[in-house]
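# Observations on the three-dimensional arrangement
Read off the chains here:
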Amino acid sequence: MNDENFYNKDVTREEWHQNLSQDDHHRSGIRFARQARLPRMFGLAAMFFPIAGALVAQAPPGGWWLLLVGWAFIWPHLAWQLACRSADPRSSEMYNLKADAIVAGVWMGLVGVNVLPTAALAMMIGMNMMGAGGLRLFCAGAIMTAVTAIVTLQLTGITPAFTLSPLELWLALPVIVLYPLLFAWVSHQTAIRLAENKRHLEMMSTRDGMTGVFNRRHWETLLRNEYDSCRRHHREAAILIIDIDHFKSINDTWGHDVGDEAIIAITRQLQLALRAGDIIGRFGGDEFAVVMVGTPAESAIAAMSRVHERLATLVLPCAPQVKMRISVGVAPWTPEFGHYREWLKAADVALYKAKNAGRNRTEVAA
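It should be emphasised that the depicted structure is a prediction, and the values quoted were computed from it without experimental measurement.

## Notes on the pattern of salt bridges
- This model, assessed by the stated rule, comprises 13 salt bridges.
- For R359, the salt bridge goes to D245, with nearest N and O atoms at 3.9 Å. Placement of R359 in the loop between α11 (340-356) and β6 (362-364) and of D245 in the loop between β2 (237-244) and α8 (247-254) is noted, with a sequence separation of 114 residues between them.
- Connected through salt bridges with shared partners, the residues R40, E93 and D100 form a single ionic network.

See the structure below:
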């Protein structure tokens, strides 16, 4: 790699985001094609039998039978490979769906628009089109299918026969009954994956990646809600601002890996000492913040005393010589706070009071 380009941060960042966007688009397209793969495989294989049953009455040349076998059993796998190997899998799969609609029209024409095979094929293609592209793609597919069916009837000279035999009924019924169930199952699986992805994205947007506690932006949102609740219901609450003592020295002496382990260890001690309903957040670097709901200052101090005691005997496996200590500022809620930021500022002032008093201690806002 050219050194000049490597150190050109603007170019590197732009190219990185472009490549990331392309990768996301390609993966999304692959997922889109995968969703159509199973319904197409099952649907076309199942449609082979009602179409074959209706074709017997037309007695077409042998080439049509070979085309039917290829369409029912080979085309679904070929369509999947075409989408996977394409630079734009979504666009490729949209072409595959349109090809399905066109070929479906051919078979409708060849069977003389026989009632149940035609209805089953129209239902399958219509569901695929609506599921993949909504009403717009459905209408386009319906038009392509109808036009192709009419052209096929004209070219082959087959007379439409809207008839129904017991054999065609029993061959087409499984498709009509089972294909919607399969389509619904695939849609359900897609909905589950989307819900899981949404939950994961929500967690990424509200949680700190290293510790798993709330990030600063979301923590402040929760603090604002708690502040409003305290004003309405006049209940007790306390804010704690926590800073790891001499954290820069730990990083400089032992490295950032040990610093990360120290941050994680502090987080675990806070989680052990506090209640499940207490709101822990990481402000970034070595600073944490906690909202203790329904808690007076005395209870907050007692909880921090437990943390101080545990840290006094805690040893990091990766660096046994490191001594971890914390300074804590506590600010109980009072009606005098006109804004939640004033409450937060009071806890921050108490933290600096603890640092100025020698660290490794808890101080309460005056």
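There's plenty left to go through after this.
## Topic: the sheet that holds β6
- A sheet is described by the order of its strands in space; here six strands give the open sequence β1-β3-β4-β2-β5-β6, paired in mixed fashion. Either end of the sheet is taken by a strand with one partner, and the two such strands are β1 (214-215) and β6.
- As paired strands, strand β3 (residues 279-284) and strand β4 (residues 287-293) are joined by five bridges and run antiparallel to one another. Opposite I279, over in β4, you have V291 as the bridge partner.

## Things to note about the environment of P60
- Residue position: P60 is located in the loop between α2 (9-58) and α3 (62-85).
- Residue P60 is classed as buried on the basis of its relative accessible area, which comes to 16%.
- It is 9.6 Å that separates the C-alpha atoms of P60 and V111, two residues lying 51 residues apart in sequence.
- The contact partners of P60, leaving out residues within four places of it in the chain, are L55 and W65.

Reading guide: rules and limits
Residues numbered from 1 in each chain as written. Predicted model: local features only at pLDDT ≥ 70, side-chain atom pairs only at ≥ 80, totals over all residues. Heavy atoms only, no water. Salt bridge = Lys/Arg side-chain N within 4 Å of Asp/Glu carboxyl O. Helix = DSSP H or I, 4+ residues; strand = E, 2+ residues; numbered from the N terminus. Pairing = 2+ DSSP bridges. Buried < 20%, exposed > 50% of the residue type's maximum accessible area, 1.4 Å probe, protein only. Contact = heavy atoms within 4.5 Å.

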